[in-house]
Amino acid sequence: MSTGAPELIVVGSGFFGLTVAERAASQLGKRVLVLDRRHHIGGNAYSAPEPETGIEVHVYGAHLFHTSNERVWQYVNQFTEFTNYQHRVFSVYDGQTYSLPINLATICQYFGRSFSPDEARALVAEQSGEIETAAAANLEEKAISLIGRPLYEAFIRGYTKKQWQTDPTDLPAAVIARLPVRYTFDNRYFNDTYEGLPKDGYTAWLTRMADHPNIEVRLSTDFFDVRGDLPGGVPVVFTGPIDRYFDYAVGALGWRTLDFQTEVLPIGDFQGTSVMNYADEDVPFTRIHEFRHFHPERDYPADKTVVVREYSRSARTDDEPYYPINTPEDRAKLERYRELARKEAAENLVLFGGRLGTYQYLDMHMAIGSALTMYDNRIRPFFEGGGSLDGSLG
């Protein structure tokens, strides 16, 4: 634990905040104070054993680590070993179970016959030719232009409608950039070079990142309650919601949130896999996680399992924000918040980072990579006397 006045204050103990804190503490020898309003470290990556079974549950939804960024991979391996877990997802539609992303097995099963890769390509090309991608006026038309109407209606329409609580014909086409279709039987969800889960769990990994004599972590501490008591002239890295920081001066940004329903069942295995999507509209949840399957190497109870049903909805101001909605109105507000953020960096030594601080959905490896870039380009030059915190030359 750090002693003495902090030289850097980090708001939020998720992957972004802890990466910045760890680099400043270990590489620059700076005293870092980390504040988090929650009672635990780790932000949304926090995991904890379910009390009855001991099965590790990702409290804020499943977190799967994967990356092709060599620097990020080398960095995270300082704090944890990884298992050889490979993520695979399945989807229930109309009483049948299919593998995702859509691949050759999905196509063969759905259309009830065997296709070669070229035959499957030709089929999807024919079905997607119904609508030109450039002419797509909404999400439904965009999806049909990419994968065709049958596959869209089976695997995308119902799931998307539940995820957004909006008919896909009322969602902008820009919501989806692409819909991957694999013309092989490869059903790995991610294509990255490295993939796995932390051997001892996420909380153990994040705790090791903060375990440095120069770092002090204060939990159950809201930055907005204590900022008047913090020392002035000390750089701050803020990873909370950017609109909240500026007291919603430009208006609130739109987010989706998730609700989780956890159940302990008196059976050894509920669904045979870690994540099962539910594509039918009449099923209210989007997917079910069964957390024992994330760590098959562990000695979990053979007669009990933990399942978590996930529901999606619009976030209220008191909800935990997960996914930015990113409407044109949101983007216009964000640009004005970015202007305020640039001014805040130059005048008050405050930087904004992470998912909430930048209004971007960031996978874990992206958050870590972004934090390393901030450290390289902003934090280190500032402390070494070669630049100002806003990135301009000193």
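In this text, all values refer to a predicted model and were calculated from it rather than measured experimentally.

1. Quick notes on the layout of surface pockets
Argument step 1. The computed volume of the second largest pocket comes to approximately 430 Å³.
Argument step 2. Taken together, 21 residues line the second largest pocket, and the ones lying closest to its centre are Leu351, Phe352, Thr358, Met374 and Arg378.
Argument step 3. Partitioning the lining of the second largest pocket into residue classes produces 10 nonpolar, 7 polar and 4 charged.

2. Examining the pattern of salt bridges
Argument step 1. With the rule as written, the count across this model stands at 30 salt bridges.
Argument step 2. For the salt bridge of Asp200 with Arg208, the shortest nitrogen-to-oxygen distance reads 2.7 Å.
Argument step 3. Look at Arg208 and you get partly exposed, because its relative accessible area is 35%.
Argument step 4. Residue Arg218 is joined to Glu216 by a salt bridge in which the shortest nitrogen-to-oxygen separation is 2.8 Å.
Argument step 5. By relative accessible area, Arg218 is classed as partly exposed at 37%.
Argument step 6. Taken together, the shared-partner salt bridges in this structure form one network comprising Glu140, Arg157, Lys161, Asp167 and Glu281.

3. Thoughts on the sheet that holds strand E2 (residues 32-35)
Argument step 1. Strand order in the open sheet formed by 5 strands is E9-E2-E1-E10-E16, with parallel pairing between adjacent strands. The sheet terminates laterally at strand E9 (215-218) and strand E16 (350-352), the two strands that pair on one side only. Strand-to-strand twist of the sheet, defined as the mean angle between neighbouring strand axes without regard to direction, takes the value 20 degrees.
Argument step 2. Sheet analysis places E2 next to E9, joined by 4 bridges and oriented parallel. Residue Leu35 lies in a different strand from E9, and its bridge partner there is Arg218.

4. Some words on the sheet that holds strand E11 (residues 255-265)
Argument step 1. The 7 strands lie next to each other as E7-E6-E12-E13-E14-E11-E15, forming an open sheet whose pairing is mixed. A strand with exactly one partner marks an edge of an open sheet, and here the two such strands are strand E7 (96-100) and strand E15 (323-324).
Argument step 2. As paired elements, strand E12 (residues 275-278) and strand E13 (residues 287-290) share 3 bridges and run antiparallel to each other. Opposite Asn277, over in E13, you have Arg287 as the bridge partner.
Argument step 3. Lying on the sheet, helix H3 (residues 104-111) is in contact with strand E6 (89-93) and E7; it crosses E7 at an angle near 155 degrees.

About the thresholds
Residues numbered from 1 in each chain as written. Predicted model: local features only at pLDDT ≥ 70, side-chain atom pairs only at ≥ 80, totals over all residues. Heavy atoms only, no water. 1 Å grid on protein atoms, 1.4 Å probe; cavity = no way out; pocket = protein on both sides within 12 Å on 5 of 7 lines; lining within 4 Å. Points joined across faces, edges and corners; volume = space filled by probe spheres on them. Nonpolar A, V, L, I, M, F, W, Y, C, P; charged D, E, K, R; others polar. Salt bridge = Lys/Arg side-chain N within 4 Å of Asp/Glu carboxyl O. Buried < 20%, exposed > 50% of the residue type's maximum accessible area, 1.4 Å probe, protein only. Pairing = 2+ DSSP bridges. Helix = DSSP H or I, 4+ residues; strand = E, 2+ residues; numbered from the N terminus. Axes fitted to C-alpha atoms, helices over the stretch in contact; angles between N-to-C directions. Contact = heavy atoms within 4.5 Å.

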